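Structure assessment
Chain by chain, the residues:
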Protein chains: 2
Amino acid sequence: MTTVHPTACVGARGPLGRPLGPDAVRLHDGSGPEPARSGLLGRWQRRNREATAPHVTREIRGAGNLENFRRLVDGTAADSPYRGRYPFLDTDVYKTLEGLAYELARPAAPGEDPALVAGLRDFYEEAVDLVTRAQAPDGYLGTAFQGPDPLRVPWDDLAWGHELYNLGHLTQAAVAASRGLDDRRLLEVACRFADLAVGRYGDDGEALYCGHPEVEMALVELARETGDGRYLRLAQLFVDRRGSGALTHTVFPPEYFQDHVPLRELDSVTGHAVRMAYLGAGATDVAVETEDADLLDHLLRLWDDMVATKAYVTGGLGARHSDEAFGDRYELPSERAYAETCAAIGAMQWGWRLFVATGRADILDDVELMLYNAYAVGLSAEGTSFFYDNPLQRRPDHEQRSGAETGGEPLRRAWFGCPCCPPNVVRWAAELQDHVAVADERDLTIALLTAADVRSDPLDVTVETGYPYDGRVVVTVTRASGDARHLRLRVPGWATEGGRRLAVTVDGGALDARPDAGWLTLSGPWRSGTRVVLELPLQTRCVVSHPHVDATRGAVAVLRGPVVHCLEQQDAAAPVDDLVLVGVDPADRPDGEPTGAAGASPAAADDPWSPLAHAVTARVVARPPASGRLYPELTDPPAAPEGEPVVTRVRLVPYHLWGNREVGAMRVWLRRS
Amino acid sequence: MTTVHPTACVGARGPLGRPLGPDAVRLHDGSGPEPARSGLLGRWQRRNREATAPHVTREIRGAGNLENFRRLVDGTAADSPYRGRYPFLDTDVYKTLEGLAYELARPAAPGEDPALVAGLRDFYEEAVDLVTRAQAPDGYLGTAFQGPDPLRVPWDDLAWGHELYNLGHLTQAAVAASRGLDDRRLLEVACRFADLAVGRYGDDGEALYCGHPEVEMALVELARETGDGRYLRLAQLFVDRRGSGALTHTVFPPEYFQDHVPLRELDSVTGHAVRMAYLGAGATDVAVETEDADLLDHLLRLWDDMVATKAYVTGGLGARHSDEAFGDRYELPSERAYAETCAAIGAMQWGWRLFVATGRADILDDVELMLYNAYAVGLSAEGTSFFYDNPLQRRPDHEQRSGAETGGEPLRRAWFGCPCCPPNVVRWAAELQDHVAVADERDLTIALLTAADVRSDPLDVTVETGYPYDGRVVVTVTRASGDARHLRLRVPGWATEGGRRLAVTVDGGALDARPDAGWLTLSGPWRSGTRVVLELPLQTRCVVSHPHVDATRGAVAVLRGPVVHCLEQQDAAAPVDDLVLVGVDPADRPDGEPTGAAGASPAAADDPWSPLAHAVTARVVARPPASGRLYPELTDPPAAPEGEPVVTRVRLVPYHLWGNREVGAMRVWLRRS
C-alpha cells in the first residue's frame, strides 16, 4: 500500500495522481477583498463555517449527544440514562469533529469575528476531551453500550448495533484531526478501538461485520494514516464477509443491509441507500489498496448500473421511504423520492474514490449532479435547516407526517431525532476542497470547476469562475515547475453533446480543443501568467426519462449545466400541475438579459442565495383537467382544449434553492405538450 | 333506531329498504346439479368454504392465536408467554369466527364431504369455548393484556393497544353467531366487554377512543342486535372524540390514526387506509342511527373525494408503504401501490353502508371495482395464499424484501406475522350474499349483479349471469306478492357511457329502458315466471388517468366491465415495459371467438380460475429504449423508431387473477402510443 502521508480526506493514488487537500486547495469564498471572485463551493464552505457548523454544535449540545459521553466520565451514568433512541448518536459528534478539524485548520477569513472560531474550538476541545475519557479500558467506545444500565449490550447485535459504524466515524474524525491539526488524541482513541475490533473480528476472530457499512473506508484511511496494514486487512475482511449470512436480521431484511449476497455477486445497488453508498466507497478503498482489479471492476459496474437505472435526475438515490432504500431499476417516483441527503454524500464519497482509482471523468459528471442538486437541496439557503429526504415534487395539498422523522416537512427542519444528515453536511462542506483537483509529479488535473487557488508539484493555478451558474472558467498559472507537463480540465459531458461546442483560448489564442473522454488536456510549456479561458456552452436544456421510468413519462426536466431547475408555485399564475412545458430558450442567461417577462429581477440577482437570481425561463401553457374524473375513458382523438392556448413565461429556479420561500407546490418534472 | 332483528351483517335501513341476508339470498356456487348456473361470487364463496376457511383455521392453530386464549384458561399462562408480536392477534380468531358463523349456518352443498363442515365446527366450538372462558371477571378480554406477565398493560395505550379494536371484532363475530346460529355465547361475552367499555369510556368515563377504528361499526351493530342504545351512544362518542388530541401518539403521527382533526373537519381521507375505511364505515352507521344528516353528508363528501382523487383504477386504496397510508391527492404509483387487501374490504364495508343510507348506485360502481379487483387480487386462484399489498405493476427484476411482512413477495403467501388480511377474506367472502340485494315491503333492488336466488317480501327472483365476465343477466320472478311494485336493477355506469346502450327484454318484449341514476326500475304487475333479460354492453374499453396523476401519465388501462386487465410477461414475447398499446377491440369476447391470435385457449376456458379463460386481446407494438441513457436530452422531433412497427396481439388477463402462474413482470397500465 501507499506510504505517502496524505492530507486530503481520501489518501488514495490513481492514474491521475492523488487528491489535493486543504494545504493545496483554497476555495474562493468571497470573504476577501474580492468577493466577486468567490465561487459557489467556496460560498457554501463559508456558510458552513459561519452558520451550519455553529448551528449543528448548538443542536448537538441541546440534544444531549455530549451528555452521553459526559455521564460516563463524571460518574453520573447511573442517574443519567442514555439520551436518544438510536445507538449511533455518538457519530453525530464524530462527524461534526471531522468537519471542525478542517475548519480549525483553515485560516480565518479577513475580518472574521474571532468568537466564531473560538466557539467551534470550544466544542472541539470539549468533545475530544469527553471522547478520550469515555473510552473503556479495553478500547471500547460506544456510549449507548457503556455504563451501568446501557441501552444495548456490546457486540450483541452487529446487524443493528452500529458499533463498528461508530468506530468508523470516530476514525474519520481522528484522521482529519491528525492530518489537519496534528492533534493525535482522537487517533490514539481510534487506534485502541480499532485494535479491539481487529482482535475480535480480524483473521483470528469472529467472522462478523457491521450492519451499517462505514468502518471499511475509515479503516483503510486509518491504515493510510498509520501505515498499519492490520486495519486494511480488517476492512477487507468486512467487505468480503458481507453476504455470508452471519448477521441475524430483524425488522429489515438482508437486502436492506446489502447482506443477501456477497458484494462481488450483487448485480445492482440494493437496500438502504446510505449503507450501499458507504459500502461502495469502502470497498473501492479496499480494492485500490489491495490491488484487487476484479473488485474494482465490479464496483464500477455497480456504479454505472446505478446511475443508468436507479438515480434521480438530481443524482438523488433511494426511491423508497420504507427501508430508505433503492427500488427496482427505473422505479423513480418524483413525489415520494426518498433521496436522503446522506445518500448523496455517501455516493459522492464513492464516486470520488472511483474517479481517483480510474481517472474516469464521466463519474465526476454524476458526482457533480449529486453535488449541485441532491446534496445541495438538503440545506436551506441560510444554512441552518435541513431536508432529510429530498422529493422532486411537492403537491399543492401535500399531506405531511407531522411529528415523524422523515416525512416531508413543509420546509427544512433545524434538527431531527435521527440527525445523521446535518453533521454529515458539516463535514462534507468542510472537505469540499479535497475534491477539486488531483495531481501527480507532472500533471495537474482540475476535477471540479470552481473558484479556487490550487497548488501542486507541477503547477500552481488560480481558477476563477461562477460555475455552475456561469460557463466561463479562467485558469491562470501562478507557478510552473520545470517538470510540469499537462494541465487537465474536466469538461462535463453535456458541454459537448447535442451539437454544443466549447471554446478555449490560451493567452488569448483560440485553440481547436476537443476533450477526450471528458478531459481537455493542455500541454506546456508552462509559465507563470499563462491564462486559459474555457467557455462552456451553458445552455438551458431539456431531458426526458428512459421509457421504462413510469413516474416521469410524458414529462420534461430542465437543466442548465449540472443544475436541475424546478417550478415553484409562487412563480406561476396557474397551478403547477396544470402547466405544460412548450419550450425553453437555450441561450437564456439568468445573469444576463431575461428573454421573457420573468427573468431575474435586479434585486434578486444581487443576492446569491436567491432562487430567482439563478432562474431560467420556460414557456408554458395551462391545460387544466377536462373533467374531475380520475380515470376517464380514452376517447380517440382526445377532445381539443377550448380556444387558443395562451403561452406564458415562468421562471424555473435551481432545485437546490427550492423551499426557501413560502411553502407551495413544486415540480422538477413538468408535463410535456 | 330500528328495532328490526336483521339477519344481514349490516342491519341498517335506507331509502331502498334494508339489506337481505343469508336467509334471503343464496349465491349460485356451482355445487349443485347445474354448475353452469354458478356465478363468480358464488364460486368465490364456495372456494372460501372449501379452501380458504380450512386453510386459515389451520394457520391460526399453527400460529398460536388459540394458545393465547388457552394459556389463560388452563393455568399455563405463567410458563407460556403470549405468542406473536402484536396486541391484536385475537382478532384473527374473531374474524374467522365471524366467517364460520355464516358457513356453519349455510346448508351443505350436495355431495359435500361432511368432514369439511365438521372441521370448521371443531374450530368454532374450540375457539368459542376458549374465548368465553378467557374473559376476565370484569369483562375484559385481550389475551396480550391478560395473565401474569402480559405483553402490554390494559388500557395503558389506547393509541396503539388495539384493545377496543379487539372488542370490535369480537362483537362482529358475536353478532354473526347470534344471527346465523342462534348461538348467544359470544354475544354475552361481547356485551360484558362492551359494558366494561361503556363504563370506562361512556358519557361518564374518560374521553378516549381507540387508535384503530373498528369498534364503532361493531357497537352500532351490537345496538341493533340487542336494542341497547348505550352501545350506539358509545360508538357516537368514539366518532365525535376522534381528533381531540386525547391520544398519545408514538412512532406514527396523528394523521396515521385520523386523529389530527375531528372527522367532521377532515377534508380528505388520510393516514392508514384500513383505519380510515373502518372509521368511515362506523361513522356512517352512527350517522344513520342517530339521523345525523350533516355527518352523513360529510362522509359522502369524503367518499366522493376518495374515489375521485385517491383510488387506484383497481379500487385499491393506500399509495404509501410507509404508514400503509393514503397519499396526497393524485399520488398513485403503480409499482409501489400499497392497496392493502384489508383496505379494500374496509372500503367495501364503508361503501355498502353509504349505499344503504342513500340508495346511490354510483357508490356501488366503486364497491364493485374494489370487489372484482383490489379485493379479489388478494387471494390466489386456489384460495390458500394471499397478497397483503397489491401493486399494479411488477418490474422484471423486482427487488423483494425477503422475510419482511408486506413487501411484495414473488407470489402470494400462505400466512403473515401480521395476518390481518386472510381472516378478513374469510369473513368477507362468507358475507358476500349480504351485499347483493336490498328490499322494502314493495320493492326489490338488486345491487350487485350475480347468480343467486333472492327472496324478499315483494318478490322472489332467480338471477342467472356470468357477470362480470359476461354481460347477460336473466332475472326470473319465482314468486310475486300482491304488494310487489318495483324490481330495480343496478346498471353500472360504464354500461351507458361512451355511446354504449343496454338492451332489456321482459318476457321477450324489448323495452326502451333507460336507467335513471344507475337504476333500471321495472314496474309490475308481477307474476311468477316473468323473465327480465338485461344485456349489458360488456366491451373492452380503455381509460387514461387524470392529468394530475404523474404515475400513469401516457399510459392506458384496459377494462372489461368492472374487471381491470393486466399484461403478464408470459403472455408477451417482448418485455412488457417495451410494449406500447395500439388498440383493443371493444367487441372482443374472451368467452367467444377470439378476435386475434391470442384468444382464450379452449383448455383455459374450461377452468374458471384460469387467467386466460377471461383474457381480452390488445394490439401492441414493441418500442424498446433507443438508448440506455436514463435521462436523454429531448430532441425535437424525437428520433423515429427504425422500420415499420410490427403490431402483435397479446392477451391481457384479469388483474385479480395475475400471479397465479410463474413469477414475472406485470403491468396494469400499458404505455400508450
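Refer to the structure presented above.
Calculation rules
Residues numbered from 1 in each chain as written. Chains lettered and ligands numbered in written order. Predicted model: local features only at pLDDT ≥ 70, side-chain atom pairs only at ≥ 80, totals over all residues. Heavy atoms only, no water. Axes fitted to C-alpha atoms, helices over the stretch in contact; angles between N-to-C directions. Helix = DSSP H or I, 4+ residues; strand = E, 2+ residues; numbered from the N terminus. Parallel < 35°, antiparallel > 145°, perpendicular 65-115°, else oblique. Left-handed = near helix turned anticlockwise from the far one by under 90°. Contact = heavy atoms within 4.5 Å. Nonpolar A, V, L, I, M, F, W, Y, C, P; charged D, E, K, R; others polar. Bend = angle between axes of the 7 residues up to and from the residue. Buried < 20%, exposed > 50% of the residue type's maximum accessible area, 1.4 Å probe, protein only. Pairing = 2+ DSSP bridges. Least-squares fit on C-alpha atoms with pLDDT ≥ 70 in both. Phe/Tyr/Trp six-rings, centres within 6.5 Å; stacked < 30°, edge-to-face > 60°.

**Quick notes on the packing of helix α4 (residues 114-134) of chain A against helix α7 (residues 185-201) of chain A**
Residues and elements named next belong to chain A. Packing of α4 against α7 brings their axes to within 10 Å, and their N-to-C directions diverge by 30°. Put simply, α4 runs roughly parallel to α7. Once α4 is placed against α7, the crossing between them reads as left-handed. Contacts between α4 and α7 pair Y124, E125, V128, V131 and T132 from the former with R185, L186 and V189 from the latter. Among the residues forming the contact of α4 with α7, the class breakdown is five nonpolar, one polar and two charged.

**A closer look at helix α1 (residues 40-63) of chain B**
Residues and elements named next belong to chain B. Along α1, the helix axis deviates most sharply at N48, where the bend reaches about 45°. Buried residues dominate α1, accounting for 17 of its 24 residues. The first or second residue beyond α1 is G64, which carries a positive phi of 100°.

**Here's the deal with unusual backbone geometry**
For the bond from G524(A) to P525(A), the omega torsion is 5°, close enough to zero to count as cis. Mapped onto the elements of the fold, P525(A) is located in the loop between β12 (519-523) and β13 (531-535). Positioned with a positive phi, E291(A) is a non-glycine residue whose angle comes to about 55°. When you line up the elements, E291(A) lands in the loop between α10 (273-289) and α11 (293-309). By relative accessible area, which is 73% here, E291(A) ends up exposed. Positive phi outside glycine occurs at E324(B), with the angle close to 50°. Along the polypeptide, E324(B) turns up in the loop between α11 (293-309) and α12 (341-358).

**Looking at the side chain of H298(A)**
Looking at the element boundaries, H298(A) is found in helix α11. What makes H298(A) buried here is its relative accessible area of 8%.

**Concerning the sheet that holds strand β8 (residues 472-480) of chain B**
Think of a sheet as strands paired side by side through backbone hydrogen bonds, with each pair either parallel or antiparallel. Residues and elements named next belong to chain B. Within the open sheet, the seven strands sit side by side as β2-β6-β7-β8-β13-β10-β11. Their pairing is antiparallel. Among the strands making up the open sheet, the edge pair consists of β2 (25-27) and β11 (509-511). Ignoring strand direction, the axes of neighbouring strands in this sheet form an average angle of 20°. Judged from the seven bridges that link them, strand β7 (residues 459-465) and β8 form a sheet pairing that is antiparallel. For V461, the partnering residue across the bridge sits in β8 and is V477.

**Brief notes about the relation of the copies chain A and chain B**
Its rotation angle being 180°, the transformation that places chain A on chain B also includes 0.0 Å of axial translation and leaves an RMSD of 0.0 Å. Such values leave the two copies arranged in the relation of a two-fold axis. Both copies share a contact surface, since 99% of the interface residues of chain A are interface residues in chain B too.

**Section: the sheet that holds strand β1 (residues 18-19) of chain A**
All names here are of chain A. The strand order β1-β4-β5-β9-β12 describes an open sheet built from five strands, whose pairing is mixed. What marks the edges here is a single partner per strand, and that holds for β1 and β12. As defined by bridge partners, β1 adjoins strand β4 (residues 437-439) across two bridges and the pair is classed as antiparallel. Its bridge partner being in β4, P19 is matched across the sheet by V438. Strands in contact with helix α12 (residues 341-358) are β1, β4 and β12; relative to β4, the strand with the most contacts, it is inclined by about 25°. Lying over the sheet, helix α13 (residues 361-375) contacts β9 (486-490) and β12, oriented at roughly 45° with respect to β9.

**Brief notes about the packing of aromatic side chains**
A full pass over the atoms with the stated rule returns 46 aromatic pairs over all chains. Both rings, one in W44(B) and one in Y372(B), keep their centres 5.7 Å apart while their planes meet at 55°; by these two values the pair is tilted. Pair noted here: W44(B) is in helix α1 and Y372(B) is in helix α13 (residues 361-375), with a separation of 328 residues, a long-range link. For Y372(B), a relative accessible area of 1% corresponds to the buried category. Grouped by ring-pair contacts, the aromatic residues Y140(A), F145(A), W155(A), F193(A) and Y201(A) constitute a single cluster.

The values are spatial; any link to function lies outside them.
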